[in-house]
Amino acid sequence: MKWTKFYLPDAYSPTMEQLVYFHDHTMSIITSITILICILLNSLLWNKLIDLNMNEHQMIETWWTILPTIVLFLIAIPSLKILYSMEELINPTISIKSMGHQWYWSYEYSDKFCKELESYMKYNKKNDFRLLEVDNKMKAPFLTQIRMIFSSSDVLHSWTIPCLAIKMDAVPGRINQSSLMIKKPGIFMGQCSEICGANHSFMPIMLESIKLNKFIKWIS
């Protein structure tokens, strides 16, 4: 993604795919309403005809109350469906705890083998992504149900990767959780999305998605 792009990032999780479909569905409704309103306004501006029977028409008033309600239902029902699916945890295979610090992330793998790592932003090099490269990437297997656990040791942080449709606040003294399902191997990047202090923009997130057998070898 570049700052000159106006479309959504490519989806690499089922949740992000559903959000992209919902965006297209909502935009088609909004575009249709906008075109209809423009046509009606054009008709009102240039039409010189007068119909006395149209000054007070109960049926028209009834329909322009019912139709917006139907449109709102068409938007709200898929929206609520996606919202509930984002909160659902379905038999996670792996749990990964992400702790926010000023200003870096630490990750804990404690299911079978206890493994911890700290992820700091790297200084710029020729082939590095500016403000996004880290020394220790978080690793996770793809096509595996993952439970992400978030907390913080100092102030509010927010763990965010846009192309995976995951964004969760890391609150000190509280544990939040979210489900994650990666569809393809690759490296996915994000940043803290909560204004957490002077170096807020210098705590990036890099997640490397690998095969399950490679992940087991790495963690053991």
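Conventions we followed
Residues numbered from 1 in each chain as written. Predicted model: local features only at pLDDT ≥ 70, side-chain atom pairs only at ≥ 80, totals over all residues. Heavy atoms only, no water. UniProt positions renumbered as here; feature names shortened; annotations may be inferred. Phe/Tyr/Trp six-rings, centres within 6.5 Å; stacked < 30°, edge-to-face > 60°. Helix = DSSP H or I, 4+ residues; strand = E, 2+ residues; numbered from the N terminus. Buried < 20%, exposed > 50% of the residue type's maximum accessible area, 1.4 Å probe, protein only. Patch = residues over 30% accessible without salt bridge, like charges linked within 9 Å, V, L, I, M, F, W, Y side chains within 5 Å. Areas by Shrake-Rupley, 256 points an atom, 1.4 Å probe, with all protein chains shown as cover. Salt bridge = Lys/Arg side-chain N within 4 Å of Asp/Glu carboxyl O. Domains from an automatic or database assignment. Contact = heavy atoms within 4.5 Å. Buried area = accessible area lost by both parts, 1.4 Å probe. Pairing = 2+ DSSP bridges. Axes fitted to C-alpha atoms, helices over the stretch in contact; angles between N-to-C directions.

- Going by what an unreviewed UniProt entry lists, the protein is known as Cytochrome c oxidase subunit 2 and is assigned to Laodelphax striatellus.
- In the Subcellular location (unreviewed entry) part of its UniProt record, the protein is described as follows: "Mitochondrion inner membrane".
- Per UniProt, the protein has the following entry under Sequence similarities (unreviewed entry): "Belongs to the cytochrome c oxidase subunit 2 family."

1. Remarks on the packing of aromatic side chains
Phase 1 of the analysis: Scanning the entire structure with this criterion turns up six aromatic pairs.
Phase 2 of the analysis: Aromatic pair Tyr12 and Phe188: ring centres 5.1 Å apart, planes at 50 degrees, arrangement tilted. Residue Tyr12 is located in the segment before helix H1 (14-46), and its partner Phe188 is located in strand S9 (residues 186-191); the two are separated by 176 residues in the primary sequence.
Phase 3 of the analysis: Where Phe150 meets Trp159, the ring centres are 5.5 Å apart and the plane angle is 40 degrees; that geometry is what we call tilted. Per residue, the accessibility class of Phe150 equals that of Trp159, and both read buried.
Phase 4 of the analysis: Taken together, Tyr109, Phe215 and Trp218 form an aromatic cluster joined through their ring pairs.

2. Regarding the environment of Lys125
Phase 1 of the analysis: Residue placement: Lys125 occurs in the loop between strand S3 (115-119) and strand S4 (138-141).
Phase 2 of the analysis: Here Lys125 falls in the exposed class, since its relative accessible area comes to 59%.
Phase 3 of the analysis: Sequence spacing of Lys125 and His23 is 102 residues, and the spatial spacing of their C-alpha atoms is 37 Å.

3. Some words on a nonpolar patch on the surface
Phase 1 of the analysis: Residues Ile33, Leu36, Ile37, Leu40, Leu41 and Leu44 make up a contiguous nonpolar surface patch of about 580 Å² in total accessible area.
Phase 2 of the analysis: With respect to the helices and strands, the residue Ile37 is situated in helix H1.

4. Comments concerning the domain arrangement of the protein
Phase 1 of the analysis: We note that the domain assignment places domain 1 (14-48 + 57-87) and domain 2 (94-219) within the protein.
Phase 2 of the analysis: The straight-line distance from the C-alpha centre of domain 1 to that of domain 2 is 37 Å.
Phase 3 of the analysis: With six residues of domain 1 at the interface, the matching set in domain 2 holds eight residues.
Phase 4 of the analysis: Interface area, domain 1 with domain 2, both sides summed: about 500 Å², of which 54% is carbon and sulfur.
Phase 5 of the analysis: For domain 1, the biggest contributors to the area lost against domain 2 are Pro14, Met16 and Met86; these three give 67% of the whole.
Phase 6 of the analysis: Where domain 1 packs against domain 2, one counts one salt bridge.
Phase 7 of the analysis: Where Lys183 meets Glu17, a salt bridge forms, and the shortest distance between an N and an O atom there is 3.0 Å.
Phase 8 of the analysis: With five residues, the single largest contributor to the side of domain 1 that touches domain 2 is H1.

5. Focus: the UniProt feature "transmembrane region" (unreviewed entry) in the protein
Phase 1 of the analysis: On the UniProt side, "transmembrane region" (unreviewed entry) is annotated at positions that read residues 20-41 and 62-84 here.
Phase 2 of the analysis: Secondary structure within residues 20-41 divides into 100% helix and 0% strand; the distance between the first and last C-alpha atoms comes to 31 Å.
Phase 3 of the analysis: Regarding residues 62-84, the helix share stands at 100% and the strand share at 0%, and the terminal C-alpha atoms are separated by 33 Å.

6. Observations concerning the UniProt feature "domain: Cytochrome oxidase subunit II copper A binding" (unreviewed entry) in the protein
Phase 1 of the analysis: UniProt feature "domain: Cytochrome oxidase subunit II copper A binding" (unreviewed entry): in the numbering of this structure it lies at residues 91-220.
Phase 2 of the analysis: Overall, residues 91-220 shows 6% helix and 46% strand. The separation of its end C-alpha atoms is 22 Å.

7. A look at the environment of Cys38
Phase 1 of the analysis: By the secondary structure assignment, Cys38 is in helix H1.
Phase 2 of the analysis: On the basis of relative accessible area, Cys38 is assigned to the partly exposed category, the value being 45%.
Phase 3 of the analysis: For the pair Cys38 and Gln102, spaced 64 residues apart in sequence, the C-alpha separation works out to 51 Å.

8. A few points about the sheet that holds strand S5 (residues 145-152)
Phase 1 of the analysis: An order of S3-S2-S1-S5-S8 is seen for the five strands of this open sheet, with the pairing classed as mixed. Looking along the sheet, the strands with just one partner apiece sit at the ends: S3 and strand S8 (176-181). Averaged over all pairs of adjacent strands, the angle between strand axes in this sheet comes to 25 degrees, irrespective of strand direction.
Phase 2 of the analysis: Bridge analysis of strand S2 (residues 104-109) against S3 gives five bridges, and the strand direction is antiparallel. By the bridge assignment, Ser106 is partnered in S3 with Glu118.

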